[in-house]
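# Structural characterization, general
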Amino acid sequence: MTADQLAGVPVLLEDVADRWRQLRAAGPMSYEESRGLWQVLDHEAVSSVLADPATYSSDLGSLAPTQEDFETFTQGNFVGMDPPEHRRLRALVSQAFTPRVVQGLAPRIEAICARLLDAVADHDRFDLVDALAYPLPIIVIAELLGVPADEHRLFQEWASILFSGDQLGETADMADLERALEAIAPTIREMNDYVLEHIRRRRAHPGDDLTSRLIAAEVDGVHLEDQQIVGFVALLLVAGHVTTTALLGNAVVTFDRNPGADATLRSDPDLLPRAIEEVLRWLPPFPELGRRVTRPVVLGGQELAADSMLMVHLGTANRDPARFDAPDVLDVTRRRNPHLTFGHGIHFCFGAPLARLEAQIALRMLQERFTSLTVPSYEDVTYQNPAVIIGVRRLPVDVVRP
Ligand code: HEM
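The structure reproduced in this document is the subject of the present report. The shown structure was predicted, so the numbers you read here are calculated from the model rather than taken from an experiment.

### Considerations on the sheet that holds strand 3 (residues 56-57)
Sheet architecture is open: five strands sit in the order 1-2-10-7-3, paired in mixed fashion. Strands with a single pairing partner mark the edges of an open sheet, and in this sheet they are strand 1 (29-32) and strand 3. In terms of strand pairing, strand 7 (residues 288-293) meets strand 10 (residues 309-313) through five bridges, oriented antiparallel. What sits directly across from Arg 291, in strand 10, is Leu 310. Sheet contacts for helix 3 (residues 43-50): strand 2 (37-40), strand 3, strand 7 and strand 10; angle to strand 10, the most-contacted strand, approximately 120°.

### Points about the sheet that holds strand 4 (residues 125-127)
Strand order in the open sheet formed by three strands is 4-14-11, and the pairing between neighbours is antiparallel. The sheet is open, and its two borders are formed by strand 4 and strand 11 (372-374), each paired with just one other strand. Within this sheet the neighbouring strands show an average axis-to-axis angle of 30°, counted without direction. Pairing geometry for strand 4 and strand 14 (residues 396-400), over three bridges, is antiparallel.

### Concerning the coordination of the iron atom of the ligand
Coordination of the iron atom of the ligand by the protein involves just one donor, Cys 349 (SG), at a distance of 2.3 Å. Its location among the elements puts Cys 349 in the loop between helix 17 (314-317) and helix 18 (352-369).

### A few points about the packing of helix 13 (residues 226-240) against helix 14 (residues 242-257)
Two elements in contact, helix 13 and helix 14, have axes separated by 4 Å at closest approach and are oriented at 20°. Looking at the two axes, helix 13 sits roughly parallel to helix 14. Residues Leu 237, Val 238, Ala 239 and Gly 240 of helix 13 pack against Val 242, Thr 243 and Thr 244 of helix 14. In terms of residue class, the contact of helix 13 with helix 14 is made up of four nonpolar, three polar and no charged.

### Brief notes about the site of the ligand
In the vicinity of the ligand lie 26 residues, with His 86, Arg 90, Arg 291, His 347 and Cys 349 positioned nearest. Contacts to the ligand include Ala 239, whose backbone N or O atom sits 3.5 Å from a nitrogen atom. The set of elements that each furnish at least two residues to the shell around the ligand consists of helix 5 (85-96), helix 13, helix 14, strand 7 and helix 18. Ranked by residue count, the leading element in the shell around the ligand is helix 13, at four residues. Its residues assigned to classes, the shell around the ligand shows 16 nonpolar, eight polar and two charged.

About the criteria used
Numbering of residues begins from 1 in every chain and follows the order in which that chain's sequence is written. Local features are withheld for residues below a pLDDT of 70 in this predicted model, meaning they are given only at 70 or higher, and side-chain atom pairs are given and counted only at 80 or more; totals for whole chains, interfaces and linings count all residues. Based on all heavy atoms of the structure, the side-chain values leave hydrogens and waters out of the count. Strand pairing follows a simple DSSP-based rule, namely that at least 2 bridges must link the two strands. Secondary structure elements follow DSSP: runs of H or I no shorter than four residues count as helices, runs of E no shorter than two count as strands, and numbering proceeds from the N terminus. Whether two residues are in contact is decided by their heavy atoms: any pair within 4.5 Å suffices. Throughout, an axis means a line fitted to C-alpha atoms (over the contacting stretch in the case of helices), and angles, computed between N-to-C directions, take values from 0 to 180 degrees. Water is not among the atoms examined, so metal sites may look incomplete; donors are the N, O and S atoms within 2.8 Å of the metal, or within 3.2 Å for Na, K and Ca. The scheme is simple: roughly parallel for angles under 35 degrees, roughly antiparallel for over 145, roughly perpendicular for 65 to 115, oblique for anything else. Gly counts as polar in this scheme, as do all residues outside two lists: the nonpolar Ala, Val, Leu, Ile, Met, Phe, Trp, Tyr, Cys and Pro, and the charged Asp, Glu, Lys and Arg. Consider each residue's heavy atoms; a residue with any of them within 4 Å of a molecule or strand counts as near. For this analysis, a polar contact is any N or O atom pair within 3.5 Å, provided that within protein one partner can donate a hydrogen and the other can accept it, and provided that sequence-adjacent residues contribute only side-chain to side-chain pairs.

In short, shape yes, function no, at least from these values alone.
Written as structure tokens, this is what we have:
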């Protein structure tokens with residue numbers, strides 16, 4: 001499709017970026033009446049909030065609806081915890097999920113990508129999300145946990161039920177949220193039972209997998225409880241799946257929308273890691289993080305009362321001219337790139353090395369297998385709810401093989 005043909009076709013990811021530009025013009029902070037919260041918009045204010053968990057808590061507590069199965073299921077989910085609980089749990093799972101474990105996954109990730117792309121070897125057009133971006137991170141997490149191959153399909157089914165329709169993101173209405181949680185409760189119970197059973201099997205017969213290492217992890221004589229391991233598995237699925245799917249789709253859309261970037265990468269494939277960082281800066285999959293103010297404080301020139309709610313905006317911080325040269329230009333060769341897409345401080349993304357590794361392997365393989373990979377029509381592309389996830393749901397692509 002030529003640039004002229006593209007004119008007038010809405011590309012939601014670019015509309016979102018326009019909205020961020022307008023938001024950022026408001027200054028470091030902006031009050032959002034509809035949600036009753038402060039948006040934190042510039043790089044300095046966002047970094048200072050994320051670096052100070054004592055003043056800006058991740059425990060959003062009573063604001064979230066409760067549901068018994070969900071509560072049980074998310075017990076080890078330390079992304080919503082503050083120190084010292086957060087430190088204790090993160091230290092335990094860090095023993096099991098080390099950089100070496102992640103690096104050791106490279107050959108498996110290669111094999112999974114190759115198998116997924118072999119399955120579309122006869123197609124000149126396919127949905128990149130269906131074929132690769134969606135299944136890859138789930139299969140990697142399932143393999144990491146030591147789930148037998150014939151049960152990977154269960155993880156895929158659960159993930160699609162948990163994320164179908166973004167039930168948890170479409171509305172700010174508490175009653176709607178509670179109904180949405182009720183609707184997914186049977187899936188949550190099923191996952192909970194499955195993972196508990198998987199832990200029991202691994203306790204009886206330990207293997208060389210993350211589940212066995214989580215069972216063995218110990219800090220000061222304390223081990224993870226089974227239900228906390230389940231919560232961590234849930235966190236891996238929620239935090240590590242949709243985000244990585246989004247990153248892969250966003251990379252393909254970004255390179256398609258900026259043919260110069262695609263040509264640069266094809267002529268110098270060693271630039272790929274830098275290009276991935278630029279895509280992460282350009283379109284952060286989780287654009288907003290919630291925090292609760294624990295004591296009166298002045299932030300970005302605004303006086304905030306205790307219990308004020310903040311929405312920390314990574315999308316606008318990533319385009320702050322005070323931190324980035326030419327922030328509204330996509331530059332796959334950018335060297336200085338202190339983007340905040342993986343967060344900052346004690347909650348910095350636990351899976352960032354894995355997400356980067358998956359993206360490098362998958363995007364390199366797409367480049368090697370196809371001399372051209374383009375999006376034929378943006379009318380056929382569908383998107384996630386951009387308030388929650390910046391990413392595509394459906395991405396038909398046309399490919400040409402050497
Ligand atoms: C935390 C983004 C992939 C596991 C976070 C946070 C962000 C983030 C922004 C911080 C949340 C906060 O401060 O409230 C992303 C993005 C990804 C990605 C953009 C992909 C492009 C992954 C993967 C995994 C993972 C692949 C694991 C397999 C986690 C965990 C936390 C986390 C466990 C919680 C860390 C803590 O609270 O200490 N992620 N993530 N993420 N991420 Fe990721």
